[in-house]
Amino acid sequence: MGQLMQLVDPIMDRAMAPGQGATKNRTPEKPQYDTDFTTRVIAATGSKAHPRLAEIMPSLLRHLHDFAREVGLTVAEWASAIDLINACGKMSDDRRNETQLLCDILGLESLVDEITSKKLATSTTETPSAILGPFYRNDAPLLPNGSSVVHNLTPSVPWYNQAVADSAYVTGRVLSCASGGGARTPLRNAIVDVWHTAPNGLYEQQDTDQPEMNLRGRFATDADGRYSLYCLRPVAYPIPDDGPAGQLLALLDRHPWRPGHIHFIVSAAGHRSLTTQIFDSRDEYINNDSVFAVKEELIVKFVPREGDPKAKWALEYDFVLGPMQEEVEETDQSAAFL
Ligand SMILES: [Fe+2]
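Residues numbered from 1 in each chain as written. Predicted model: local features only at pLDDT ≥ 70, side-chain atom pairs only at ≥ 80, totals over all residues.

Under the annotation held in an unreviewed UniProt entry, the protein carries the name Intradiol ring-cleavage dioxygenase and is attributed to Apodospora peruviana. UniProt lists a comment for the protein under the heading Sequence similarities (unreviewed entry), and it reads "Belongs to the intradiol ring-cleavage dioxygenase family." Word for word, the UniProt comment on the protein under Cofactor (unreviewed entry) is "Fe(3+)". (UniProt positions renumbered as here; feature names shortened; annotations may be inferred.)

Given below as structure tokens:
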């Protein structure tokens, strides 16, 4: 690359407008870079390549090479990017996925979530998805409807007063749009898996002061497709910014905050599971999510709740699931290359 770049006279390159050719006082203009280079790299893929990789790699290589050419990427800059990715890998373990976090702040996880969701959706009435995030636990307890996911809340808890002020009753139905025509039918025995942070902005596995499985639970819908639970209005929290992703945020003059949200995975027999989040409309970061996950349909408004000593706020929110599409989902599974 260095030799190739030395062939270019940058002053001449800037002075000549596009389309201008050589003049009698100048040597003929040379192409800035080898015009066949990307074609040769793409052609190196063998005939026995993984089919999906063979399909997508030409586009990746074109965009990657065009990016490098467009910005005039230098060896030092490329090496910095390699260091960043390596540092993400070194920091990642079972409890923290820094590379995923890097993708999150670049909007990539939200984008591929949107693409995947739209590919699989059969109806625009399905509840939009949102990213899973790194704090899901798949073994949250199955709780009776109407019970609370807030455990061991006593006045000695540092965020007790805020938890009382933000206590909330959340209910709604899980509906199916599988029959088409805009009809929505209640789904019995659907599972609503919910999790959110404490008022200190920490999930229970990040916080040794919280009891195991605090602010997590699974609820099965009744014959009317209804679920109900007590939880807390969510608060904004910063994504972990003490690693390479945080360094990049700082270099980009960006903040790490996510607007307050509650995570859900909603599943029902014969239907595609929905991974999503709902966002509290009061949050100051509602239009400025550091991982770009907010969608209009997922913004909710809690209303004051009267006559319930267990909750100051109430929210009703229905989830609409689409039918399972086994053929499409199997194709999607085959894309797990490694
Ligand atoms: Fe979250």
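From this point on, the discussion continues.
For this particular structure, what's the right way to read the sheet that holds strand 4 (residues 191–195)?
Backbone hydrogen bonds hold the strands of a sheet together, and the pairing may be parallel or antiparallel. Spatially, 5-4-9-10-11 is the arrangement adopted by the 5 strands of the open sheet, whose pairing is mixed. Each edge of the open sheet is held by one strand with a lone partner, namely strand 5 (216–220) and strand 11 (299–300). Alignment of strand 10 (residues 274–280) against strand 11, held across 2 bridges, turns out to be parallel. Residue pairing for strand 11: Phe279 is matched across the bridge by Ile299. (Pairing = 2+ DSSP bridges. Helix = DSSP H or I, 4+ residues; strand = E, 2+ residues; numbered from the N terminus.)

Any chance you could explain the nonpolar core here in plain terms?
One recurring pattern in soluble globular proteins is that nonpolar side chains are buried together. Ala168, Val174, Val192, Val194, Cys231, Val266 and Leu321 are the most contacted members of the largest nonpolar core, which has 47 residues in total. Those elements giving two or more residues to this core turn out to be helix 6 (98–105), strand 2 (167–176), strand 4, strand 6 (226–232), strand 9 (261–267), strand 10, strand 13 (313–316) and strand 14 (319–321). Sort the elements by how many residues they give to this core and strand 2 lands first, with 5 residues. In contact with Cys231, other than residues within four places in its own chain, are Val149, Val150, Ala168, Val170, Val194, His196, Leu215 and Ile262. (Core = buried A, V, L, I, M, F, W, Y, C linked by C-beta atoms within 7 Å. Buried ≥ 20, exposed ≤ 12 C-beta atoms within 10 Å, placed from the backbone. Contact = placed C-beta atoms within 7 Å.)

What should I look at first to understand helix 5 (residues 75–91) in this one?
Residues spaced three or four apart along an α-helix face the same direction, because each turn holds 3.6 residues. Helix length check: helix 5 (17 residues) gives 24 Å between terminal C-alpha atoms against 24 Å at 1.5 Å per residue, within 8%. The element helix 5 is largely exposed, with a buried count of 1 among its 17 residues. (Expected span 1.5 Å × (residues − 1).)

For this particular structure, what's the right way to read the environment of Pro158?
In this structure, Pro158 sits in the loop between strand 1 (147–148) and helix 8 (160–165). Overall, the presence of 11 C-beta atoms within 10 Å leaves Pro158 in the exposed class. In the structure, Pro158 is positioned 51 residues away from Asp209 in sequence and 9.8 Å away in space, judged by C-alpha atoms.

So what exactly am I meant to see when it comes to the confidence of the model for the protein here?
As a note on interpretation, predicted positions should not be read in detail where pLDDT is low. Residue-level pLDDT values for the protein average 90, and 87% of them are 70 or greater. Here residues 1–23 scores under 50 on pLDDT; set against residues more than four positions off or in separate chains, the count is 13 contacts. (pLDDT = per-residue confidence, 0-100.)

Hey, could you run me through the environment of Pro323 in this one?
Structurally, the position occupied by Pro323 is in the loop between strand 14 and helix 10 (326–333). Taking the C-alpha atoms as reference points, Pro323 and Ser123, 200 residues apart in sequence, are found 9.5 Å from one another. Excluding anything up to four places from it in sequence, Pro323 contacts Thr122, Ala178, Gly270, His271 and Arg272.

Would you explain the pairing of strand 9 in this entry?
On any regular strand, side chains alternate: one points to one face of the sheet, the next to the other face. Judged by how many residues are buried, strand 9 sits mostly within the fold: 5 of 7 residues are covered. Sheet analysis places strand 4 next to strand 9, joined by 5 bridges and oriented antiparallel. Bridge assignment links Val192 to a residue of strand 9, and that residue is Val266. Taken together, the 6 bridges between strand 9 and strand 10 define a ladder with antiparallel strand orientation. For Ile262, the partnering residue across the bridge sits in strand 10 and is Ile278. Here strand 9 folds back onto strand 10, and the loop between the two strands holds 6 residues, one of which, Gly270, carries a positive phi near 80°.

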